[in-house]
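The chain contents come next:
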Amino acid sequence: MSSALDLFNGFNLPAAIAYAFTLTATPGPNNVMVMSSGANHRYRRTVPCLLGMSVGCTFIVALSAAGLGVVFNREPRLRTVLFFVGAAYLCWLAWQIGSSGAPAGVEANARAPARKPLSFLQGAVFQFANPKTWLMGINIVVLFSLPGAAFIPSMAAVCTIVLLVSFFSMSLWAGFGVAIHHRFRTERAWRIFNIVMALLLLACVPMLFW
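Residues numbered from 1 in each chain as written. Predicted model: local features only at pLDDT ≥ 70, side-chain atom pairs only at ≥ 80, totals over all residues. Heavy atoms only, no water.

Going by what an unreviewed UniProt entry lists, the protein is known as LysE family translocator and is assigned to Pendulispora albinea. Regarding the protein, the UniProt comment filed under Subcellular location (unreviewed entry) reads as follows: "Cell membrane". (UniProt positions renumbered as here; feature names shortened; annotations may be inferred.)

Participant: Please clarify how the overall build of the protein should be interpreted in this entry.
Facilitator: Within the protein, the secondary structure is distributed over nine helices and zero strands. Put simply, the protein runs from its N terminus to its C terminus through helices and strands in the order α-α-α-α-α-α-α-α-α. The buried share of the protein, taken over its 210 residues, is 47%. A separation of at least 24 residues holds for 85% of the contacts in the protein among residues at least 6 apart in sequence. (Helix = DSSP H or I, 4+ residues; strand = E, 2+ residues; numbered from the N terminus. Buried < 20%, exposed > 50% of the residue type's maximum accessible area, 1.4 Å probe, protein only. Contact = heavy atoms within 4.5 Å.)

Participant: Mind showing me how you'd approach the packing of helix α3 (residues 29-66) against helix α7 (residues 131-144) here?
Facilitator: The geometry of α3 relative to α7 is characterised by a closest axis approach of 9 Å and an angle of 40° between their N-to-C directions. With respect to α7, the element α3 is oriented oblique. When you trace α3 past α7, the crossing you get is right-handed. Residues Asn30, Cys57, Ile60, Val61, Leu63, Ser64 and Ala65 of α3 touch α7, and the partners they reach there are Thr133, Trp134, Met136, Gly137, Ile138, Ile140 and Val141. Its residues placed into classes, the contact of α3 with α7 shows 10 nonpolar, four polar and no charged. (Axes fitted to C-alpha atoms, helices over the stretch in contact; angles between N-to-C directions. Parallel < 35°, antiparallel > 145°, perpendicular 65-115°, else oblique. Left-handed = near helix turned anticlockwise from the far one by under 90°. Nonpolar A, V, L, I, M, F, W, Y, C, P; charged D, E, K, R; others polar.)

Participant: Honestly, a nonpolar patch on the surface in this entry has me stumped. Any pointers?
Facilitator: Together, Leu51, Val55, Phe120, Leu121, Val125, Leu163 and Leu164 line one region of the surface with nonpolar side chains, adding up to about 600 Å² of accessible area. Listed by contribution, the elements that provide at least two residues to the nonpolar patch are α3, α6 (120-126) and α8 (151-181). With three residues, the top contributor of residues to the nonpolar patch is α6. With respect to the helices, strands and loops of the structure, Leu51 is situated in helix α3. Owing to a relative accessible area of 38%, Leu51 belongs among the partly exposed residues under this scheme. (Patch = residues over 30% accessible without salt bridge, like charges linked within 9 Å, V, L, I, M, F, W, Y side chains within 5 Å. Areas by Shrake-Rupley, 256 points an atom, 1.4 Å probe, with all protein chains shown as cover. Salt bridge = Lys/Arg side-chain N within 4 Å of Asp/Glu carboxyl O.)

Participant: Help me understand the UniProt feature "transmembrane region" (unreviewed entry) in the protein, please; the structure alone is not making it clear to me.
Facilitator: According to UniProt, the "transmembrane region" (unreviewed entry) feature falls on residues 50-72, 78-95, 134-155, 161-180 and 192-209. Across residues 134-155, helical content stands at 73% and strand content at 0%; the span's end C-alpha atoms are separated by 15 Å.

Participant: How should unusual backbone geometry be read in this particular structure?
Facilitator: Most peptide bonds take the trans form, and the phi angle of most residues other than glycine is negative. Located in the positive-phi region is Arg42, a residue other than glycine, with phi close to 70°. Within the secondary structure, Arg42 is located in helix α3. The exposure class of Arg42 is partly exposed, given its relative accessible area of 36%.

Participant: Where do I start with the nonpolar core in this structure?
Facilitator: For soluble globular proteins, nonpolar side chains are generally found buried alongside one another. Ranked by internal contacts, the top residues of the largest apolar core, which has 27 residues, are Met33, Val34, Leu90 and Leu201. Among the secondary structure elements, those contributing two or more residues to this core are α3, α5 (76-98), α8 and α9 (187-203). Considering each element in turn, this core owes the most residues, eight residues, to α3. Phe11, Met136, Ala150 and Val158 belong to the second-largest nonpolar core, a separate cluster that totals 20 residues. (Core = buried A, V, L, I, M, F, W, Y, C linked by side-chain atoms within 4.5 Å.)

Participant: Explanation requested: the side chain of Thr46 in the structure shown.
Facilitator: Note on placement: Thr46 falls in helix α3. You can call Thr46 buried: its relative accessible area is 0%.

Participant: Help me understand the confidence of the model for the protein in this model?
Facilitator: A low pLDDT score tells you not to read the predicted coordinates there in detail. In this model, the protein carries a mean pLDDT of 80, and residues with pLDDT of at least 70 account for 79%. Below pLDDT 50 for its whole length, residues 108-113 participates in nine contacts with residues either more than four positions away or in separate chains. (pLDDT = per-residue confidence, 0-100.)

Participant: Honestly, the packing of helix α2 (residues 13-25) against α7 in this entry has me stumped. Any pointers?
Facilitator: The relative placement of two packed helices comes down to the angle between their axes together with the axis-to-axis distance. Orientation of α2 relative to α7, taken along the N-to-C sense of each, is 170°, at an axis distance of 11 Å. One element, α2, and the other, α7, form an angle in the roughly antiparallel class. Between α2 and α7 lies a crossing of right-handed hand. Residues Ala15, Ala16, Tyr19, Ala20, Leu23 and Thr24 of α2 touch α7, and the partners they reach there are Lys132, Met136, Asn139, Ile140, Leu143 and Phe144. Of the residues belonging to the contact of α2 with α7, the class tally is nine nonpolar, two polar and one charged.

So, in structure tokens, the structure goes:
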């Protein structure tokens, strides 16, 4: 047991948790999407997307630890292709959100077909085109990996932290959306909200190329 614990000697658990929370809780494409989903679909139907995003973030960290993050940083053309795909996807999502009305059950929209929330796969795949996720993955590996035999255990700890913390922090944004759901009573209010969410998502597009 002591030899196993020795592998984590020097691993700063509180700092790793704080770093993961800071990057996943601050505004960005993921949090705008889950906030909108929470408002339109409530928390339970947003959970698959939340899980997909958390698993996607964790997979990016694992790939960064394996060295793929360095490849993306050194190959600008590959990064550009990914970012254009991400930008196109964000624009499509913005259109879907901005053109939707109120959830079913609100005034005249009571019999309108419900727009489906993002799926697990959509949330996970989007992380590959999200530069904020790659930034977190590369930096957290550089900052919190331990050398030698402790590298793999330290990265396993980091991946676990990212999985749990990202789900928690993005759930907070989904919770904000759920709170909004209880505030809006008219179709006009929902249309304004969805247009604002769409504009915020479009505002994230330039971030893909910074």
